[in-house]
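Okay, here's what each chain looks like letter by letter:
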Amino acid sequence: MERITDKLISWASILEPSTRAQACQSATMEFIYPHLALMPDAHLGMGATVGSVIPTHGAIMPAAVGVDIGCGMMAVRTEFTRADVQQTAAKSSLNALHAAIAIAVPLSAGAANDKITATAQMRITELVGMPGIEQAEDALPHWRSQLGTLGSGNHFIEVSLDEDDRVWLFLHSGSRGVGNRLAGKHIKVAQASCAAAGIQLPQRDLAYLCEGAAEFDAYIEALKWAQHFALLNRDEMMDRVIDRTFAWFDANRDESRLDEPVRCHHNYTVREEHFGQLVWLSRKGAISAQKGELGLIPGSMGDRSYVVAGKGNLDALCSAPHGAGRNFSRTAARKRFTRADLDQRMAGVAWGESDAFLDEHPEAYKPIDVVMRDAESLVEVVHELRQIVNVKGN
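Residues numbered from 1 in each chain as written. Predicted model: local features only at pLDDT ≥ 70, side-chain atom pairs only at ≥ 80, totals over all residues. Heavy atoms only, no water.

### Some words on the nonpolar core
Then, number 1: Ranked by internal contacts, the top residues of the largest apolar core, which has 49 residues, are M61, L127, W143, V178 and W225.
Then, number 2: For this core, the elements supplying multiple residues, two or more each, are α1 (17-27), β3 (36-43), β5 (59-60), α2 (62-65), α5 (118-128), α6 (133-139), α7 (176-196) and α8 (214-248).
Then, number 3: Top element by residues in this core is α8. It accounts for nine residues.
Then, number 4: Residues contacting W143, with those up to four places away along its chain left out, are I124, L127, V128, I133, A136, E137, V178, W225 and F229. (Core = buried A, V, L, I, M, F, W, Y, C linked by side-chain atoms within 4.5 Å. Buried < 20%, exposed > 50% of the residue type's maximum accessible area, 1.4 Å probe, protein only. Helix = DSSP H or I, 4+ residues; strand = E, 2+ residues; numbered from the N terminus. Contact = heavy atoms within 4.5 Å.)

### A look at the packing of aromatic side chains
Then, number 1: Applying the stated criterion to the full structure yields eleven aromatic pairs.
Then, number 2: With centroids separated by 5.5 Å and ring planes inclined at 65°, the aromatic side chains of F216 and W280 adopt a geometry described as edge-to-face. Taken as a pair, F216 in helix α8 and W280 in strand β12 (residues 277-284) lie far apart in primary sequence, 64 residues in all.
Then, number 3: With relative accessibility at 2%, the residue F216 sits in the buried group.
Then, number 4: The rings of F80, F246, W248 and F249 are connected pair by pair, giving a single aromatic cluster.
Then, number 5: Here the basic side chain of R326 rests over the ring of Y365, its NZ or CZ set 4.7 Å away from the ring centre. (Phe/Tyr/Trp six-rings, centres within 6.5 Å; stacked < 30°, edge-to-face > 60°. Lys NZ or Arg CZ within 6 Å of the ring centre and 35° of its normal.)

### As for the sheet that holds strand β11 (residues 267-274)
Then, number 1: The strand order across the open sheet formed by six strands is β1-β2-β3-β4-β12-β11, and the pairing between neighbours is mixed. Strands at the two margins of the open sheet, each flanked by one partner only, are β1 (2-5) and β11. Here the average twist between neighbouring strands, direction ignored, is 25°.
Then, number 2: Pairing analysis gives three bridges linking strand β2 (residues 8-10) to β3, with the strands arranged parallel. Looking at β3, one finds that S10 is bridged to L38.
Then, number 3: α1 rests against β1, β2 and β3 of the sheet, and its axis sits at about 160° to β3. (Pairing = 2+ DSSP bridges. Axes fitted to C-alpha atoms, helices over the stretch in contact; angles between N-to-C directions.)

### Digging into the sheet that holds strand β8 (residues 166-173)
Then, number 1: Taken together, the seven strands give an open sheet; going across it, the order is β10-β6-β8-β7-β17-β15-β14, and neighbouring strands pair in antiparallel fashion. Because the sheet does not close on itself, it has two edges, and the strands there are β10 (262-265) and β14 (294-297). Between one strand axis and the next, the sheet turns by 30° as a mean value, whatever way the strands run.
Then, number 2: Where strand β6 (residues 72-81) meets β10, four bridges bridge the pair, whose relative direction is antiparallel. Residue pairing in the sheet places G72 in a bridge with H265 of β10.
Then, number 3: Relative to the sheet, helix α3 (residues 82-89) contacts β6, β7 (156-161), β8 and β17 (379-391), its axis offset from that of β6 by approximately 80°.
Then, number 4: Running at roughly 95° to β17, helix α4 (residues 94-104) makes contact with β7 and β17 of the sheet.

### Some thoughts on the pairing of β1
Then, number 1: Here β1 runs beside β2; their pairing, made up of three bridges, is antiparallel. Its bridge partner being in β2, R3 is matched across the sheet by I9.
Then, number 2: Connecting β1 to the next strand, β2, in antiparallel fashion are two residues.

### Quick notes on the environment of M372
Then, number 1: Tracing the backbone through its elements, the reader meets M372 in helix α11 (residues 368-374).
Then, number 2: For M372, a relative accessible area of 10% gives the class buried.
Then, number 3: Once the C-alpha coordinates of M372 and P141 are considered, the two residues, 231 residues apart in sequence, prove to be 41 Å apart.

### Remarks on unusual backbone geometry
Then, number 1: At the junction of Y33 and P34, the peptide bond is cis and its omega measures out at -5° in the coordinates.
Then, number 2: By the element assignment, P34 lies in the loop between α1 and β3.
Then, number 3: The backbone of D250 sits at a positive phi, close to 60°, despite the residue not being glycine.
Then, number 4: Take D250: it is sitting in the loop between α8 and β10.
Then, number 5: Not every positive phi belongs to a glycine, and E353 is a case in point at roughly 45°.

Structure below.
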């Protein structure tokens, strides 16, 4: 842990100067209380540093929350084992499981479902009954067709084995197009509001909305709706992944063969008490790590991932990293890494086998070993997962 300023504490041993400068700038905002916490996977971001935990009193910065509102992860442990995988793979390869998942869950940016499943319809009905639905309809009228879709970039669906050779299903996605549109709208509202009030900002993406204003209330309403959409989006995808996985094992779906799922947001805002005050806590690329709380920290494509339990570190605002964190931009990664090298790194994993994933090369991210070592005071490892199937959208 490093106390960079009285308003900024970092747990990142790998911290680029530009990332440090961005975090320092965010920490100067007068409504930060008690301090901004930088997680071990921190890196330069749009609006605010990815891997930052931002407690605010009386205001929220929409760009600091980010444009993929509610992005997060979900994982489920099954009773299937490595031996079951080996036995089934002798008849139907892991590539067949990869293909089945890729058909069941629409991938890539802008992807949508051709039809609405019964489970998706139940979830849509739940969302339609929530405050914020009018804003969602205005932002993206066809949002219903994106419930149960993955997206692109670092979003993934994985099949993994843990230290006991048990099979896990693990996925990462957010609020898709509707969350992006809602975020973009309220970021502009905050910028216009600050400009109209003559507020001088260190950087325009630090524009904020003040608690008590109608604009603030509208943002909170949209934020809560989008965060719930993201959670239900992951639930819908996981339903389909479970179905396809059981089918690949030539087994009927049986809920008794599934453990309770682990769920966590890592781009969101929630009301929490820290250091004696109730604050709006925005975790941008960070997970909640209250004492004993289960969370998920994925490594990069082809690398290990972790199921963790929080230690409730008060200085870290009971938070932990959300993954490996980028080391190279997508453009830099495409120039630096080759397909042959990526093929070698992904040996033994069924994956998309496309040049489109060069920017997701494992070395485009920080070493997960370093991130987890930096996080030793934040979480303890419950399970270590190694991938056997990796599904991504391009």
